[in-house]
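Coordinate analysis (summary)
Here is how the chains run, residue by residue.
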Amino acid sequence: TRLSMSGVGDTPSSRPQFVDIGANLLDDMYQGIYREKERHEPDLPNVLERAFNTHLSQAIITAGTISESRDALLLANSDDRLYCTVGIHPTRCLQELGEDESLYETKLEELRNIVKSGPSSVVAIGECGLDYDRTQFCPIPVQTAGFIAQLALAREFDLPLFLHNRNTGTDLLEVMKKHGKGLRGVVHTFDDSLELAQEFVELGLYIGINGCSLKKEENMEVVKMLPLDRLLLETDCPWCDIRPTHAGNSYIQTRFEPIKKETKYVEGCYVKNRYEPCHIIQVAEVVAGIKGISVDVLSEITLKNSRDLFKLP
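Residues numbered from 1 in each chain as written. Predicted model: local features only at pLDDT ≥ 70, side-chain atom pairs only at ≥ 80, totals over all residues. Heavy atoms only, no water.

Relative to the helices and strands, M29 is located in the loop between strand 2 (18-23) and strand 3 (33-34). Assessed through its relative accessible area of 11%, M29 is described here as buried. Distance in space between the C-alpha atoms of M29 and Y275 is 9.9 Å, their sequence separation being 246 residues. Dropping the residues within four chain positions of it, M29 is found in contact with Y34, H40, D43, P238, W239 and R274. (Helix = DSSP H or I, 4+ residues; strand = E, 2+ residues; numbered from the N terminus. Buried < 20%, exposed > 50% of the residue type's maximum accessible area, 1.4 Å probe, protein only. Contact = heavy atoms within 4.5 Å.)

In structure tokens:
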């Protein structure tokens with residue numbers, strides 16, 4: 001299928017629908033800014049319109065700092081199909097919380113107030129967790145302390161976790177076993193081993209799949225073995241686009257056109273290598289293909305999973 005801006009004539013309700021559980025809609029690219037250079041007018045309203053006109057039923061905006069949490073809530077409040085997370089990304093814990101744990105309480109109180117001010121829009125604590133690939137931004141002990149503090153916040157508000165886990169071996173798993181028992185959540189952008197995924201599932205967590213989870217053949221083997229009742233779909237847009245070189249690309253049936261580089265932008269175009277919530281259908285097509293099920297069946301299952309975890313209407 002090739003979709004132009006106008007779609008293909010059928011109504012959104014007749015197409016399979018998906019929740020994008022992880023969309024970085026605050027990213028500068030949707031304001032037309034790429035690598036700090038302004039390339040075109042902000043086009044987020046267009047981006048959202050074409051997503052809701054195709055396969056998107058709801059989206060969760062991810063936040064990674066205190067100010068992003070505020071902005072994510074403002075954006076979520078602008079449309080009843082948008083929701084958000086509130087929390088601090090592991091690489092931002094030093095910047096946001098500092099190294100002195102005795103001073104955390106003031107910052108956590110700010111997060112608490114944001115959660116309290118958006119009872120119908122805030123659906124998770126996060127993006128929180130551990131990231132061992134980018135310790136230059138935040139040392140591991142500070143990441144860990146920030147993560148544990150946010151686990152307590154999730155418990156306090158009975159909210160699920162939106163978890164970031166990058167190259168940490170079993171460390172995030174161990175922190176969850178020790179400090180996060182009984183908490184709900186999703187490990188997003190999962191690209192690790194089947195064994196680790198199964199351990200997370202045994203803790204009652206969901207696994208979030210996006211383009212970065214579908215790059216290599218070994219990633220596809222992991223997805224093939226994951227239980228459907230624990231799968232959630234996300235774009236992680238504007239990142240994690242599925243590229244022609246990726247193992248999952250052969251399963252994609254829906255292409256979005258016209259595609260232009262950001263320097264050649266025209267209104268209504270899709271920007272090369274900038275993913276959008278509308279691309280959730282591509283993630284779904286790859287996962288359905290790997291699983292040997294129809295996109296419609298995957299839609300039913302993942303809608304239920306998303307609504308169960310995040311208590312969406």
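In this structure the tally under the stated criterion is 17 salt bridges. As a salt-bridge pair, R184 and D158 come within 3.1 Å of each other at their nearest N and O atoms. Of this pair, R184 sits in the loop between helix 6 (171-179) and strand 9 (185-187) while D158 sits in the loop between helix 5 (140-157) and strand 8 (161-166), and the two are 26 residues apart along the sequence. Among the residues examined, R184 registers a relative accessible area of 24% and is labelled partly exposed. For D158, the salt bridge identified is with K311, shortest N-O distance 3.6 Å. (Salt bridge = Lys/Arg side-chain N within 4 Å of Asp/Glu carboxyl O.)

Let's shift gears to the layout of surface pockets. Reported here for the largest pocket is a volume of approximately 1100 Å³. For the largest pocket, the lining is made up of 36 residues, of which N24, R134, R166, D236 and W239 are closest to its centre. Secondary-structure elements contributing two or more residues to the lining of the largest pocket are strand 3, helix 2 (66-76), strand 8 and helix 8 (217-225). Class assignment for the residues of the lining of the largest pocket results in 8 nonpolar, 11 polar and 17 charged. In this structure, the second largest pocket encloses a volume near 360 Å³. What lines the second largest pocket is a set of 17 residues, among which D241, I242, I259, N273 and H279 lie closest to the centre. If you list the elements that add at least two residues to the lining of the second largest pocket, you get strand 12 (255-256) and strand 14 (270-271). Class assignment of the residues belonging to the lining of the second largest pocket gives a composition of 8 nonpolar, 4 polar and 5 charged. (1 Å grid on protein atoms, 1.4 Å probe; cavity = no way out; pocket = protein on both sides within 12 Å on 5 of 7 lines; lining within 4 Å. Points joined across faces, edges and corners; volume = space filled by probe spheres on them. Nonpolar A, V, L, I, M, F, W, Y, C, P; charged D, E, K, R; others polar.)

Going through the model one piece at a time under the given rule, you end up with 1 disulfide. Summary of cysteine pairing: C93 is not part of a disulfide, and the nearest cysteine sulfur, belonging to C138, is at 5.2 Å. Left without a disulfide partner, C237 is nearest to the cysteine sulfur of C278, which lies 8.7 Å away. (Disulfide = S-S within 2.5 Å.)

Another point: the confidence of the model for the protein chain. On average, residues of the protein chain score 95 in pLDDT, and 96% of them reach the 70 mark or higher. This model gives residues 4-9 a pLDDT under 50, and the stretch forms 13 contacts once residues within four places in sequence are excluded. (pLDDT = per-residue confidence, 0-100.)

Turning our attention to the side chain of T144. Secondary-structure assignment places T144 in helix 5. For T144, a relative accessible area of 19% puts it in the buried group. If we skip the residues at most four places from it in the chain, T144 touches L130 and V175.

Count 3.6 residues to each turn of an α-helix, and residues three or four apart come out pointing the same way. The first and last C-alpha atoms of helix 10 (residues 295-310) sit 22 Å apart over 16 residues, in line with the 22 Å expected at 1.5 Å per residue. Within helix 10, the full set of buried residues consists of V295, L298, S299, T302, L303, N305, S306, L309 and F310. Down the axis of helix 10, the buried side of the element spans an arc of 165°, and every buried residue falls inside it. The outward face of helix 10, more than 90 degrees from its buried face, is lined by the exposed residues E300 and K304. (Expected span 1.5 Å × (residues − 1). Arc of directions from axis to C-beta.)

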